[in-house]
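Chain and residue survey
Chain by chain, the residues run as shown.
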Amino acid sequence: MSSAQPEIFGRLGDGTSVHRWTLERGGTRVRVLTYGGIVQSVEVPDRAGAVAGVALGFPDLAGYLAFPGPYFGALIGRYANRIAGGEFGLDGRTYRLPRNNPPHSLHGGDRGFDKRVWEAAPAGDHGVRLSRVSPDGEEGFPGRLTVSVTYGLTESGALRIAYEATTDAPTVVSLTNHSYWNLAGAGSGSAAGHELRIAASRVTPVDAGLIPTGDLAPVDGTRFDFRQARKVGLGYDHNYVLDGGGGAAAELSDPGSGRVLTVSTSEPGLQLYTGDHIDDGPFGAGAGIALETQRFPDTPNRPEFPGAVLRPGGAFVSETVYGFSAR
């Protein structure tokens, strides 16, 4: 029998039930919702063994429905981050998307994957698999996309999120998780004092609308250089071009508690967002730091970036692992 167990978390206005799955292993407890594929909470010990939640979230469904904008803990799709002008071309056709971040499309549109209820089933002894079919034309994206996302805990207590998707027509895909991390404890104040290291020598510079210019700019000598761990501060909402080559893509640590988060991924990019514009519910600006693994923003309009096109017969496969420790 799987140790991953569901319970009723709430109901939407139309009566649809939302379940919460609890995963426990290796000193980590994670709770995942079928609404939006949301990672509601992650609980881990500090250097003294004291356990606290380190991912921003709400205690009830009403919180997520009232404050959807920051995407707290959500599963993002069909396309993570921004698509310029809310449109892209593919195989000679132009596809128009909701401009929910005017004049651009953000995180899949008005009702992206973060606002859908997913089917859930146990995945091994310490995991849950969420799945749904996104119909052709949903939020303007072409193709019938069949998606599964598996959340599992490793023996050491790391959270592994594995994404898979197939399509019946050419489309674009980039899936991620939008958790905000505060290793001092969710709701404890600003995470701006955390220390961050990112294994990236370049970033994708953006214009005033946070759309990449197409350049890959060296971080050397700039405020974007996190190749050596340092205090993160605020003022970041930028995509890093990961160096690859094995090892962690990023490491976030809280000097006070000793908690450390490592992020490893198969994706080419990582969005650092310091939560400057969080002002919802009990949280304020800088209350958590998002480290979103992804294809680069606006890739559907940037053929020079690593590809995001998925065609019939192929598969979108991606994995990100969040490891937890204390020192």
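Residues numbered from 1 in each chain as written. Predicted model: local features only at pLDDT ≥ 70, side-chain atom pairs only at ≥ 80, totals over all residues. Heavy atoms only, no water.

Quick notes on the sheet that holds strand 2 (residues 17–25)
Sheet architecture is open: five strands sit in the order 1-2-3-4-5, paired in antiparallel fashion. Each edge of the open sheet is held by one strand with a lone partner, namely strand 1 (5–11) and strand 5 (51–53). Sheet twist, expressed as the mean angle between neighbouring strand axes with direction ignored, is 20 degrees. Bridge count for strand 1 against strand 2 is six bridges, and the pairing is antiparallel. Bridged to E7 within strand 2 is R20. (Pairing = 2+ DSSP bridges. Helix = DSSP H or I, 4+ residues; strand = E, 2+ residues; numbered from the N terminus. Axes fitted to C-alpha atoms, helices over the stretch in contact; angles between N-to-C directions.)

Some thoughts on the nonpolar core
Grouped together as the largest cluster of nonpolar side chains are 53 residues, with contacts concentrated most on Y151, I198, Y240 and L272. A total of five residues in this core trace back to one element, the largest contributor, which is strand 13 (residues 145–153). When neighbours within four sequence positions are excluded, L272 is seen to be in contact with L196, I198, F226, V232, Y236, D237, H238, Y240, I289, A290 and L291. F9, L12, Y64 and Y71 belong to the second largest nonpolar core, which has 22 residues in total. (Core = buried A, V, L, I, M, F, W, Y, C linked by side-chain atoms within 4.5 Å. Buried < 20%, exposed > 50% of the residue type's maximum accessible area, 1.4 Å probe, protein only. Contact = heavy atoms within 4.5 Å.)

Focus on the pairing of strand 22 (residues 237–242)
Taking burial as the measure, the six residues of strand 22 include six buried ones, the bulk of the element. Note: strand 19 (residues 200–203) against strand 22, three bridges, orientation antiparallel. Counted as the bridge partner of R202 is V241 from strand 22. Across five bridges, strand 22 lies against strand 25 (residues 269–273) in antiparallel orientation. Paired with D237 across the two strands is Y273, which belongs to strand 25.

A closer look at the sheet that holds strand 24 (residues 259–265)
Taken together, the nine strands give an open sheet; going across it, the order is 11-12-13-14-28-24-23-18-21, and neighbouring strands pair in antiparallel fashion. Edge positions in the sheet fall to strand 11 (119–122) and strand 21 (230–231), since each of these pairs with one other strand and no more. Bridge analysis of strand 18 (residues 195–198) against strand 21 gives two bridges, and the strand direction is antiparallel. Paired with L196 across the bridge in strand 21 is R230.

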